Amino acid sequence: MAPDHRVASAVKALRPEIKVWGAEPETASPAALSFAKGSAQAFPDWKATFVDGAGGKSVFPRMWQRMQPVVEGCIVVSLDETKRAMRLMAENARVIAEGAAHLPLRQRSPQGWFGPIVAVVSGGNIDLAKFSELIA
């Protein structure tokens, strides 16, 4: 998901050296496209999936203006990586959250970075039967 610019701004105000990244599903990643092209973009290949709380069809220019100074970029996560992260979080932390909440928890760090990664995990808007189906 494109990070909330308010959260990113607060983190950067406290610790300017911290790198803030967004995360979007491969089926709806206009922020990643916007960072790649250097301006607000529409995502031409948008598809509805179980990761409906993140990504979208486009980044609005005003959102881009607010996000760009405080966000380093945006990673794109496959649906399979998202399912694996959902299962991992449920098994290890006993947290059940919607698909979008798991995007930052993919199995490798962005750009090959090492070190601590903090992810804001929120959103419990998922049907338990659908959740079970996805992590099976």
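Residues numbered from 1 in each chain as written. Predicted model: local features only at pLDDT ≥ 70, side-chain atom pairs only at ≥ 80, totals over all residues. Heavy atoms only, no water.

1. Quick notes on the side chain of Glu98
Here is step 1 of the chain: Tracing the chain through its elements places Glu98 in the loop between α4 (79-93) and α5 (128-135).
Here is step 2 of the chain: Although Glu98 is buried, it makes no salt bridge; Lys130 carries the closest opposite charge, 14 Å away.
Here is step 3 of the chain: Once you skip the residues sitting within four places of it in the chain, Glu98 turns out to touch Gly53, Ser122, Gly123, Gly124, Asn125 and Ile126. (Helix = DSSP H or I, 4+ residues; strand = E, 2+ residues; numbered from the N terminus. Buried < 20%, exposed > 50% of the residue type's maximum accessible area, 1.4 Å probe, protein only. Lys, Arg positive; Asp, Glu negative; His and termini not counted. Salt bridge = Lys/Arg side-chain N within 4 Å of Asp/Glu carboxyl O. Contact = heavy atoms within 4.5 Å.)

2. Some details on α5
Here is step 1 of the chain: Within the sequence span of α5, burial applies to Phe131, Leu134 and Ile135. Here the buried residues of α5 occupy an arc of 85° about the axis, which is enough to place them on one side. The exposed residues of α5 that point more than 90 degrees off its buried face are Ala129 and Glu133.
Here is step 2 of the chain: Turning to α5, the residues buried within the fold contact α4.
Here is step 3 of the chain: A distance of 3.1 Å separates the backbone nitrogen of Ala129 from a side-chain oxygen at the start of α5, and that oxygen is part of Asp127. (Arc of directions from axis to C-beta. Polar contact = N/O pair within 3.5 Å; in protein donor to acceptor, adjacent residues only side chain to side chain.)

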